[in-house]
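Listed here are the chains, written in short residue letters.
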Amino acid sequence: HPQDPPISLGNHFLCQNNTELWQFLLEALAYSRVRSDEPEKVIDNWQGQLFSFSSSPLFFVHLIVLICSKGSHAIWSSVSHLPSGTKGCKFFLLFCVTCLYLCCSSTGYQFIYYSPENTAKAKEVLSNINHLQPLIATHADLLLNSASQRSPDSLKNSLRMLSEKTELFVHAFKDQLVRSALLALYTARPGGVLKKPPSPKNSTEDSCPQDPPPPVRRQDSIPHHSDYDEEEWDRVWANVGKSLNCIIAMVDKLIGRDGGSEGAGGGSKDGEKDPSLVDPTITHPREDWYEQLYPLILTLKDCMGEVVNRAKQSLTFVLLQELAYSLPQCLMLTLRRDIVFSQALAGLVCGFIIKLHTSLHDPGFLQQLHTVGLIVQYEGLLSTYSDEIGMLEDMAVGISDLKKVAFKIIEAKSNDVLPVITGRREHYVVEVKLPARMFEALPLQIKEGQLLHVYPVLFNVGINEQQTLAERFGDVSLQESINQENFELLKEYYTIFMEKMPPDYISHFQEQNDLKGLLENLHQNIQAKKRKNVEIMWLAATICRKLNGIRFTCCKSAKDRTSMSVTLEQCSILRDEHQLHKDFFIRALDCMRREGCRIENVLKNVRCRKYAFNMLQLMAFPKYYRPPEGTYGKADT
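In this report, we go over the structure that sits alongside the text. In this text, all values refer to a predicted model and were calculated from it rather than measured experimentally. (Residues numbered from 1 in each chain as written. Predicted model: local features only at pLDDT ≥ 70, side-chain atom pairs only at ≥ 80, totals over all residues. Heavy atoms only, no water.)

1. Some remarks on the nonpolar core
And then number 1: Judged by nonpolar contacts, the single largest core of 51 residues is most densely connected at Leu143, Leu155, Leu162, Phe169, Phe173, Ile247 and Leu293.
And then number 2: Considering each element in turn, this core owes the most residues, 14 residues, to helix H10 (residues 289–358).
And then number 3: Sequence-distant contacts of Ile247, defined by excluding residues within four places in its chain, comprise Leu143, Leu159, Leu293, Leu296, Ile297 and Leu300.
And then number 4: In this structure, Val372, Ile375, Leu518 and Tyr625 belong to the second largest nonpolar core, which totals 46 residues. (Core = buried A, V, L, I, M, F, W, Y, C linked by side-chain atoms within 4.5 Å. Buried < 20%, exposed > 50% of the residue type's maximum accessible area, 1.4 Å probe, protein only. Helix = DSSP H or I, 4+ residues; strand = E, 2+ residues; numbered from the N terminus. Contact = heavy atoms within 4.5 Å.)

As structure tokens, this is what we get:
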């Protein structure tokens, strides 16, 4: 492997060790469930993501394709020809490839669908088990402690508590779900054989396989599990109640023989006692109470442990079916999230480098960078209608994921100054290289490798005709929640900024800026829920610039609505910071939209110097977001 291997963003992995190989294979196997009838196509889909499993990755890809096309008998002959420099042992690769083949080519098992009610019931029963089992064990020990003290009153109280908790425990397993889940679990196991076919009342009404399989019998190459008897669960479950009955009867006899009051437990339950649980008082009348109760308590705990073991296995199986059902979708969502994140990260890295190079001689910014971090504000112009609402959802998640990114500035050792990205999904570090002369100008903390954190925020206001439809006939709650949540993040950054920056810097900063007033104004505009309230974006942009942050503006294609917003911001900066007279504001705005960067960007995208607007669309746009005559018309976007 190279010393500094590249990272491929998206759902790609550069496998450098067995752990990462396992992660790749697990995702490959789960993805193959979607197309288990076409294993060759599954492998074709994944073979491009095999990077460095061995000294000859292409050979390994060929190996998997060969196995899927010719069957498992090809494994041995193929693995025997692996090159000697292969990373890891050949048997490890053999095992992984065998798993891949079995999962891709086997259609014998289909997951079982359980309704949300059944899944919730399974979680509830498991929770009850985890709660009641230790309580019963505790009360059983208290009962033994009372017996060792030969205290009738304490014995009766301990027995009462033990009886209540055990009855709750037994009642938790009366649900048909546990029985049907046990049957489904044994049926799904390789080699599972039913002792007798399920009766109609036990054929899972609550759970139905997607494709009902034929009678479950497997090849003898896989060892069979023991035959499953449906009535065995009833016996195991009933033994808990019988064990409790024996304990109650024993306590009654001990107290009665000692001259105490009668009826400690209220008689026996669930029929007659198990004959295997022999009453020791007949043969040993003078033995200590503890010695007489101990074997019965031990039997109760053993019976309870057997019930818990089987119930946990079956109910966990129910929960795993839900995971199996949603796994392909989860993998596709993970891929989608990775793709969105990779684009957001690319923009962030570019913005960070530009901001760093333009602010190297600003000591206040450099101090803020390593003391507080960098605010990164995204301005969205997407509508909350039709396809764009999905884009906005993706964008919100992608920008939020940028919280996991930190920057580290290092000295460039050569002419190669491209940034290097390291890490995994939960934490990325971007190493930015600076020439020696620039690097020496940095504060000591940054030169020593301190990680520099970013605080991404997103504010979105739809401005086109689709947003008009959303506001009148649809739903704008997504935009409102995004703006509110990100206002809180922006306010949190401001609070940290005021706390961590030196007092002398803060006093000078507050003289130049009224950030508190701007934040209050922004909050009021967000709460007002006014239609197409573009003042939210103006205020957020102003606050970001005053906090030395990075700003991004985007829409669907980044050439039409984005051009209107960017040119408006440029003219606002000229007016507010460079004394552009208000009489020339509109003239400068139209000039920037007719000539220069934005219209050239449109030309490169659609080979035409026209923004993709028509007159009807522009009637729905806010006033300052309308291009001048002659710069818009029909154009493929």
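Okay, back to it.
2. Some points on the pairing of strand S5 (residues 420–424)
And then number 1: Pairing of S5 with strand S6 (residues 427–434) involves 5 bridges; the strand directions are antiparallel. Bridging from a neighbouring strand, Val420 pairs with Glu431 of S6. (Pairing = 2+ DSSP bridges.)

3. Some remarks on unusual backbone geometry
Leaving glycine out, the prevailing phi sign among residues is negative, and the prevailing peptide bond configuration is trans.
And then number 1: The residue Gln579 is not glycine, and still its phi comes out positive at about 60°.
And then number 2: Relative to the elements of secondary structure, Gln579 occurs in the loop between helix H20 (561–577) and helix H21 (585–594).
And then number 3: Owing to a relative accessible area of 68%, Gln579 belongs among the exposed residues under this scheme.
And then number 4: For Arg607, which is not glycine, the phi torsion reads 60° and is therefore positive.
And then number 5: With respect to the element layout, Arg607 can be found in the loop between helix H22 (597–606) and helix H23 (615–619).

4. A closer look at the pattern of salt bridges
And then number 1: Applying the stated criterion across every chain yields a total of 17 salt bridges.
And then number 2: Between Glu306 and Arg310 there is a salt bridge, and its shortest N-O distance comes to 2.6 Å. With Glu306 and Arg310 both in helix H10 and 4 residues apart, the pair spans about one turn of that helix.
And then number 3: According to the relative accessible area criterion, Glu306 is partly exposed, its value standing at 29%.
And then number 4: Since its relative accessible area comes to 14%, Arg310 is described here as buried.
And then number 5: Of the charged contacts in the structure, one is a salt bridge between Arg561 and Glu388, with a shortest N-O distance of 2.8 Å. In this pair, Arg561 sits in helix H20 while Glu388 sits in helix H12 (residues 387–400), placing the two residues 173 residues apart along the sequence. You'll find Arg561 and Glu388 in the same group, each marked buried.
And then number 6: Counted as one network, the salt bridges with shared partners bring together Glu379, Arg545, Arg551 and Glu569. (Salt bridge = Lys/Arg side-chain N within 4 Å of Asp/Glu carboxyl O.)

5. Looking at the side chain of Lys532
And then number 1: Within the fold, Lys532 resides in the loop between helix H18 (515–528) and helix H19 (535–546).
And then number 2: Summary of buried charges: Lys532 has no salt-bridge partner, and the nearest side chain of opposite charge, Glu471, is 5.3 Å away.
And then number 3: A polar atom in the side chain of Lys532 sits 3.4 Å from the backbone oxygen of Ile463.
And then number 4: Apart from residues no more than four positions distant in its own chain, Lys532 is found in contact with Val461, Gly462, Ile463, Asn464, Gln467, Thr468, Glu471 and Ala620. (Lys, Arg positive; Asp, Glu negative; His and termini not counted. Polar contact = N/O pair within 3.5 Å; in protein donor to acceptor, adjacent residues only side chain to side chain.)

6. What about helix H7 (residues 152–171)?
And then number 1: Here H7 contains 20 residues, and its C-alpha end-to-end distance of 28 Å stays within 8% of the 28 Å for a straight helix at 1.5 Å per residue.
And then number 2: For H7, the full list of buried residues reads Leu155, Ser158, Leu159, Leu162, Ser163, Lys165, Thr166, Phe169 and Val170.
And then number 3: In this fold, the buried residues of H7 make contact with helix H6 (116–149), helix H9 (231–257) and H10. (Expected span 1.5 Å × (residues − 1).)

7. Overview of the packing of aromatic side chains
And then number 1: Enumeration over the complete set of coordinates arrives at 11 aromatic pairs.
And then number 2: Here Phe352 and Phe407 contribute two aromatic rings whose centre-to-centre distance is 3.9 Å and whose plane-to-plane angle is 5°, an arrangement assigned as stacked. Of the two residues, Phe352 is situated in helix H10 and Phe407 in strand S4 (residues 405–411); the sequence distance between them amounts to 55 residues.
And then number 3: When its relative accessible area of 0% is taken as the criterion, Phe407 is described as buried.
And then number 4: When the ring of Phe585 is compared with that of Tyr624, the centres are 6.2 Å apart and the planes differ by 90°; the resulting orientation is edge-to-face. (Phe/Tyr/Trp six-rings, centres within 6.5 Å; stacked < 30°, edge-to-face > 60°.)

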